[in-house]
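# Close look at the chain arrangement
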Amino acid sequence: MKVAIVEYDSNGIVWFAIHRPEKRNAINFEVMDKLEETIAMVEKNDDVKMLVITGTGDEAFCSGGDLSKFQHLHTTENAKQMLEKMGTILYSLLTLSKPTVALINGTAIGGGCELASACDFRYAKSGSKIGFIQGKLGITTGWGGATMLFEKLPYTQALDILLRAERISAEKMYEYGWIHAVLPGNNLREECRELLAPYLSQSVSVLRAYKMAAAEKWKSDEFRMRFFAEIRRCSELWGSEEHKRAIQSFLNKS
Ligand SMILES: CC[C@H](C(=O)O)C(=O)SCCNC(=O)CCNC(=O)[C@H](O)C(C)(C)COP(=O)(O)OP(=O)(O)OC[C@H]1O[C@@H](n2cnc3c(N)ncnc32)[C@H](O)[C@@H]1OP(=O)(O)O
């Protein structure tokens, strides 16, 4: 079964849809590999102007890391290897030289919010819930999400969202400035295409030049140090009894 669906629009959009709706589009290693491959293709292909990341189904955009798989990561080192793998992929997404969109077609939880934070724009179906809930699992964001949030939102807004570790409506996240458009969702892709049309009328060279102007600051050693230090801190919390209990509690209810 394909874990992701990658499509190319003649207008220059590549659509990457996580295709695990039965697991609320949870991210496992296969999804990571497919995302990494797609980002590399978009970077290299001059026919591609923008990358849109979404999920299939109408329940969830992405429910973060696949807990049924990642529950078996018992040591700090094992956790760090997984977290750094996806963190490196999200870093490449953040600094991709093409504009990117997270088209939030439903609930986004944990690492799903970090995936969306790596994108330039976030458009959400009305009523979607957004949850940087890692704190309630006894960990912190582990794929660079906090570092990106502090880059993209005012300090106290970002800190408030992370410390609350709550599910927040897309409408509220629009007020916070993390969501850039709340869409009816009757035809989400068409609604997204309409928002992107003004950008797509520019050449790929123009789009690339402006995105590179934006992303230069994230290529500094200082930023990379902060980004990967966050990941290390999450790996150190990973083995806590609180986190183990939280994962087991979720998996036992399923
Ligand atoms: C650094 C990233 C970090 C990490 O990697 O650990 C994180 O991402 S931390 C956050 C990890 N994610 C979660 O804690 C979210 C867990 N899921 C949920 O809270 C809910 O499933 C929700 C809100 C996404 C959707 O709720 P809903 O009631 O609509 O669905 P169910 O809970 O009944 O789930 C349906 C089905 O999907 C499976 N599922 C959902 N999320 C995950 C997941 N993250 N990993 C593995 N499997 C997941 C769930 O077990 C159900 O499976 P079933 O076989 O039908 O019982």
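Calculation notes
Residues numbered from 1 in each chain as written. Predicted model: local features only at pLDDT ≥ 70, side-chain atom pairs only at ≥ 80, totals over all residues. Heavy atoms only, no water. Pairing = 2+ DSSP bridges. Helix = DSSP H or I, 4+ residues; strand = E, 2+ residues; numbered from the N terminus. Axes fitted to C-alpha atoms, helices over the stretch in contact; angles between N-to-C directions. Salt bridge = Lys/Arg side-chain N within 4 Å of Asp/Glu carboxyl O. Buried < 20%, exposed > 50% of the residue type's maximum accessible area, 1.4 Å probe, protein only. Right-handed = clockwise from strand over helix to strand, strands pointing away.

### Describing the sheet that holds strand S4 (residues 60-62)
Spatially, S4-S6-S8-S9 is the arrangement adopted by the 4 strands of the open sheet, whose pairing is mixed. The open sheet is flanked by S4 and strand S9 (167-169), the only strands paired with a single partner. Adjacent strand axes in the sheet meet at a mean angle of 20°, parallel and antiparallel pairs treated alike. Sheet topology note: the S4/strand S6 (residues 107-109) ladder contains 2 bridges and is parallel. Bridge pairing links Ala60 to Thr107 in S6.

### Considering the pattern of salt bridges
According to the stated counting rule, one finds 18 salt bridges in the structure shown. Among the ionic pairs, Arg189 bridges to Glu7, the shortest N-O distance being 2.8 Å. Remark: Glu7 occurs in strand S1 (residues 4-8) and Arg189 occurs in helix H8 (residues 188-200); sequence separation between them is 182 residues. On the basis of relative accessibility, which here comes to 24%, the residue Arg189 falls in the partly exposed class. A relative accessible area of 35% means that Glu7 is categorised as partly exposed.

### Some points on the pairing of strand S3 (residues 50-55)
S3 sits mainly inside the fold: 6 of its 6 residues count as buried. Burial along S3 is two-sided: Met50, Val52 and Thr54 facing one way and Leu51, Ile53 and Gly55 facing the other are all buried. For the crossover that starts at strand S2 (residues 13-18), traverses helix H1 (residues 29-44) and ends in the parallel S3, the hand is right-handed. Two elements, S3 and strand S5 (residues 100-104), share 3 bridges in a ladder whose sense is parallel. Following the sheet pairing, Ile53 is matched in S5 by Ala102.

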